[in-house]
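Tertiary structure, described
Here is what each chain is made of, one letter per residue.
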Amino acid sequence: MSLSSLLKSFDTGLFAATCEYLRDGSLLCGTYQLLSGPENENGSQVGTRLGGLLMLSAEAAELKDPLEMSAGVLDIKPHPTDNLVAVMLADGSVNLMASGASETAGRARLMEQQRVAVTEGMCLAGAWSCKVGSLSVSDSKGGFSVVKPIEANYSVSERFEAVHGYEVWSVCWDHEKPDVVYTGGDDSLLKVTDVRAKSTVSTVRGHDAGVTSIVSDISLDNYVLSGSYDEYIRCWDKRSLKLPLSHLKLGGGVWRIKINPDKPNLLACACMQSGCRIVSISDAQEFQIVEDFMRDRQLVYGVDWLPVSRVSAHEADAQSGSVFHLAACSFYDHVLDTFSFRFENS
């Protein structure tokens, strides 16, 4: 048995596209909005992609004024060990931010460190490698790039063109093999690329629509999770990717899958038109929905878990269950919600 409760709700102003917690408990939300403009000489309408980064520090009750970006924010990825935050932008660049405490009141703040031009298209998703510290960035041109530190700055070290026929919605490093990258495209394919050999290792079919989320994590061992516009979450054995080991229809496109860092068998899924789902995964890789919320929201793109060390101690009751906090954002509602979730021990 489980129970979720809405804690707070924030108006993000522009459309809310993604949200991520930092290790100190601060919450980031990226916004993106396309404003229509005049037609160009080809008769196409030229728009302006606006966006910014909102921050809710662990000590504050309200969102800070947005930090404006050069274009809309489509993904945010904190570095797994450093204080860097990669912000993927709709103008084809990545903004690398440093998180730290301000001199006043000790509250968290973000400072721009470097902007890296990555693609002529839009940067759609990013993922840090825990092994080598590189960042992979997928784009709207069907490819992905590897951004790594070279001397004092980050720059694009490899570019992989036309990996997919359409937009590459998701990208993920293998948690074990530092040269392997998974990508998911609007062409309904999941591909495995060896960045050192510069070649595609596997092309995985089996999704009925675009592949929107991919997860490889040490807690999953030899398994990879994928989410798709076709409304299914799937588990794959990366040693044999012909058929999924298991799958479950969640309703709505499965845009984001987040593993609970403190209880890895719990997954938070942003399911677009159908809100959010909390899904458990068993040792036999079977999925089960244990909770759903945000059903009244229009298009949920972002979800993330707060590190349990940041949850108030009085809320954790080992006898009756575990209390976790989450955040999720809904695009057209321009809303960022925070929740508590109690998972009862069985």
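A brief structural summary. (Residues numbered from 1 in each chain as written. Predicted model: local features only at pLDDT ≥ 70, side-chain atom pairs only at ≥ 80, totals over all residues. Heavy atoms only, no water.)

1. Some words on the environment of K141
With respect to the secondary-structure elements, K141 resides in the loop between β13 (135-139) and β14 (144-150). Residue classification places K141 among the exposed residues on the basis of a relative accessible area of 52%. The sequence separation of K141 and L124 amounts to 17 residues, and the corresponding C-alpha distance is 9.9 Å. Residues within four places of K141 in sequence aside, it is in contact with T119, E120, G121 and R159. (Helix = DSSP H or I, 4+ residues; strand = E, 2+ residues; numbered from the N terminus. Buried < 20%, exposed > 50% of the residue type's maximum accessible area, 1.4 Å probe, protein only. Contact = heavy atoms within 4.5 Å.)

2. Things to note about the pattern of salt bridges
Here the structure, examined in full by the defined rule, presents 16 salt bridges. For E112, the salt bridge is made with R115, and the minimal N-O distance between the two is 3.7 Å. On the basis of relative accessibility, which here comes to 39%, the residue R115 falls in the partly exposed class. The salt bridge involving R295 is made with D292; its shortest N-O contact spans 2.6 Å. Note on R295: relative accessible area 54%, which makes it exposed. Note on D292: relative accessible area 29%, which makes it partly exposed. In this structure, a network of salt bridges that share partners links the residues E20, D75, K77, R256, K258 and D304. (Salt bridge = Lys/Arg side-chain N within 4 Å of Asp/Glu carboxyl O.)

3. Here we look at the sheet that holds strand β20 (residues 211-216)
The strand order across the open sheet built from four strands is β20-β21-β22-β23, with neighbouring strands paired in antiparallel fashion. The open sheet has two edge strands, β20 and β23 (246-249), and neither has a second partner. Sheet twist, expressed as the mean angle between neighbouring strand axes with direction ignored, is 15°. For strand β22 (residues 232-237) and β23, the ladder comprises four bridges, and the chain directions are antiparallel. Each residue of the ladder has a partner; that of C235, found in β23, is S246. (Pairing = 2+ DSSP bridges. Axes fitted to C-alpha atoms, helices over the stretch in contact; angles between N-to-C directions.)

4. Concerning unusual backbone geometry
Here S188, not a glycine, exhibits a phi torsion of approximately 70°, which is positive. Positionally, S188 belongs in the loop between β17 (180-185) and β18 (190-194). If you check the backbone angles, H334 has positive phi at about 40° while not being a glycine. Among the residues examined, H334 registers a relative accessible area of 26% and is labelled partly exposed.

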